[in-house]
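# Structure assessment
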Amino acid sequence: MKKRISFYFLLTIIMGVIALGCSSEEASKQASSSDANVREISVGVGSNFEPYAYIDNDNQPAGYDVAVLKEINRRLPQYQFKYQSIELKNLLLSLDAKKIQIATQQFEKNPDREEKYLFTNEGFANYDKRLVIAKGRTDIKTIDDLVGKKVGCAQGSNTAAILEKYNQTHQQKINIVYVQNASSAVYDDIVNGRLDAGVMTRKTFKRNQEAFGDGLDIVNDSLFSKSEAYFILSKNETQLRDDIDKVLKEMKEDGTLSKLSYEYTNSDYDVE
Amino acid sequence: MIELKNVHKAFGKNTVLKGINLKVNKGEVVVILGPSGSGKTTLLRCINFLESADDGELIIGDTKVDFKNATSKEILAVRRRTAMVFQNYNLFNNMNAIENVMEGLVTGRKMPIGRAREIAKQALDKVGLKDKYEAYPLQLSGGQQQRVGIARAIALNPDVILFDEPTSALDPELVGEVLSVMQAVAKEGITMIVVTHEMSFAMDIAQHIIFMADGNIVEEGSPKDIFTNPKEKRTKQFLERILPRWNYSI
Amino acid sequence: MGSLFDIRLVFEYFPLIFSRFPITLLIVVVAIGAGLVLGLFIALVRMRKVLLLNQFAILYVSFVRGTPIIVQLFIIYYGFPLLLEQVGIDITQWEKIYFVLVTYGLNNAAFMSEIIRSAISSVPDGQREAAYSVGLSRWQALRRVILPQAFLNAFPVFGTRVVNTFESTSLAFTLGILDMVGQAQAIGSRTYHELEGYVVLAIIFIAISMILEKLFVHAEKRFIQQRR
């Protein structure tokens, strides 16, 4: 009995090690195929923001952000981009820890981030955000109306940064609620009043409507924030940043970026 | 032949053995008597290093070990020439009777399993447990467990078997079966050092009696000398207390 | 147009999510295996009070027991490579799974060492003495007499530990390991249907925990039966 148990135990370990060995062999094969002059760049892609940065059916990083980066890489043969999915809240940490050189999940600029990291100068998507509320509510129009209200946002997001800044500089505070980036939960919370408001782009709002139904309204009267999405790089990657900027500019001029944007978001990259 | 020279042992400030000298000849049955706390059991346990004596010397056969700086190799060598029967039997709970007896032979001495099994069977037969080879300790009575303990000791064919109050934990009606097994073992000419309170065993079986008190050997001699003609006052006191009826026969 | 919860998706997601089970299993098996070996070593160091190693072991065990495993994951995955970089060793680009396996192995070693330690001390001294008296060395006594009995004593706690480890593997996704939890979240964010994935996870976790518990109870009974 005892012998049999330890046998199965050993068998499982051996199988596991073999499986592990195979997978890392594959990885090393990929790595060795690149020749010496090509620099390998690790790209961290957010894992939970469809259609921009998510994990596809084949368990690979996918989305508009990845598609843009792949096109950039195609035009920059001196680099070899390698993609891995990382949760939003650990993306910047991974940059700090030198696990990756590029991070992307529709990152917006803000002063804190700019101090620590390098942003591309060219944006690759409009990222104007608006307040989202339960259908029929009329008491929330601007950020000042959020005082004393519960507002959901993802930890590490720019929305969170803006709301936190607001609370630092104002006497009356907004009640910030950090949510897992689970859009169905946010939708449900706003509809049911557990949250008073959320913050989304128009595109994300539409995607939510398609997925869950008609329970939310978007505030059209004013913008919550006006910005664009950029790629974030480690502070010392200025050469890489300049190369990407050059290619992004070309892609805007020759229509490639528009094409990709339509493909993934049904709209142009520079419209709200 | 076993010889102990000037054995000292203290537990903290409490000195238990104060320079014991003892000689046991091959084939001899020695019984150690004495009031509780006199150091009998400690002395026994020092012989196979279950306690480490602070000072003194042990000679067993052609091996000589200094207690003060015995190496683990020396200790193991001494343990492989001795065996012990414990008050609480201490059979290996995870093994059945025959495995208990085989363990020292197979694991300790690297004997082939087949041969060890034969020896173990003979030993168990000798203690009258022919039908209990496969029984686990919990399935056996105290007397049966202790007999397995004795079989475990004799199977090792040691230079000496140390008996540490082998009947003290037994129900009175089970004492007899263990004593008669011990008697049979003694008849085979195996050297035995026995700490016990069984006076009948001491009188009938022992060739040599040692009386200990307060960490010293007070008196030693043949059973006849000790029981019928004790010289020391402490021996007399002890015997009077433990054997009141012998007062009349002296 | 969809609704918040669609029962059909539960069935649709099930095979997708369960297909990541081997990753979870790998983490559990390696964690328990490494935990047992290393845990035994730590337990022995502590029981024999080996100089310096003992103090280190005490510190190590209380650190691991006193911090959430997520913190340990971050330290091993993000912090440790930075430390090694200082001495010129670059492991930042290693596969994530290695960091995860190391973390879970080290984590389990601390817990196992405590389980093993208390299991060993629950074996009566007389067993060890008897083993010595028949000429077994320290290691032989441990292997042949003490550990088998300690194993039996520790079995129920050990079982709980395995189930705990199994449940805690869900944190590996934080580093981007696509285990069952990761798969559920990935599906959730690409389809905007998270709830169904979590239902699938709940079913799988409950089922496997129950199977594990049953197995352990069954095995325990068989072990004990042998001795009675």
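Computed from a prediction, not measured in an experiment: that's the story for all the values here. (Residues numbered from 1 in each chain as written. Chains lettered and ligands numbered in written order. Predicted model: local features only at pLDDT ≥ 70, side-chain atom pairs only at ≥ 80, totals over all residues. Heavy atoms only, no water.)

### Some details on the side chain of Thr196(B)
Residues and elements named next belong to chain B. Threshold: Every helix listed is a DSSP run of H or I at least four residues long, and every strand listed is a run of E at least two residues long, numbered separately from the N terminus. In this scheme, a residue with accessible area under 20% of its type's maximum is buried, one over 50% is exposed, and one in between is partly exposed, where area comes from a 1.4 Å probe on protein chains only. Polar contact is defined as a pair of N or O atoms within 3.5 Å, subject to the rule that within protein one atom must be able to donate a hydrogen and the other to accept it, and that residues adjacent in sequence are counted only when both atoms are side-chain atoms. Any pair of residues with heavy atoms lying within 4.5 Å of one another is described as a contacting pair.
On the secondary structure map, Thr196 appears in the loop between strand E8 (192-195) and helix H7 (199-204). For Thr196, a relative accessible area of 3% puts it in the buried group. Only 3.0 Å separates the side chain of Thr196 from the backbone nitrogen of Glu198, close enough to count as a polar contact. Residue contacts for Thr196: discarding those within four places in its chain leaves Val31, Ile32, Leu33 and Thr167.

### Points about the domain arrangement of chain A
Residue and element names in this part refer to chain A. Keep this limit in mind: Throughout, the edges of the domains are those of an automatic or database domain assignment. Values labelled buried area give the accessible surface lost by two parts on being combined, using a 1.4 Å probe and summing over both. The working definition used for a salt bridge is a side-chain nitrogen of Lys or Arg within 4 Å of a carboxyl oxygen of Asp or Glu.
Domain boundaries in chain A define domain 1 (39-126 + 228-265) and domain 2 (130-218). Taking the mean C-alpha position of each, domain 1 and domain 2 sit 26 Å from one another. Taken together, the contact between domain 1 and domain 2 spans 13 residues of the former and 11 residues of the latter. Between domain 1 and domain 2 the total buried area reaches about 1,100 Å² when both faces are included, carbon and sulfur atoms providing 36% of it. Where domain 1 touches domain 2, the interface holds one salt bridge. For Arg207, the salt bridge is made with Glu50, and the minimal N-O distance between the two is 2.8 Å. Across the domain 1-domain 2 interface, the total number found is three residue pairs in polar contact (both at pLDDT 80 or more).

### A short note on the sheet that holds strand E4 (residues 55-60) of chain B
Residue and element names in this part refer to chain B. Our working rule: Strands qualify as paired when DSSP identifies two bridges or more between them. The convention used is that axes are lines fitted to C-alpha atoms, helices contributing only their stretch in contact, and that angles between N-to-C directions extend from 0 to 180 degrees.
Read across the sheet, four strands follow the order E2-E1-E4-E5 without closing on themselves; strand pairing throughout is antiparallel. Each having just a single partner strand, strand E2 (14-24) and strand E5 (63-66) make up the two edges of the open sheet. Ignoring strand direction, the axes of neighbouring strands in this sheet form an average angle of 15°. Bridge count for strand E1 (residues 2-11) against E2 is eight bridges, and the pairing is antiparallel. Paired with His8 across the strands is Lys18, a residue of E2. Contacting E1, E2 and E4, helix H1 (residues 40-47) crosses the sheet at an angle of about 60° to E2.

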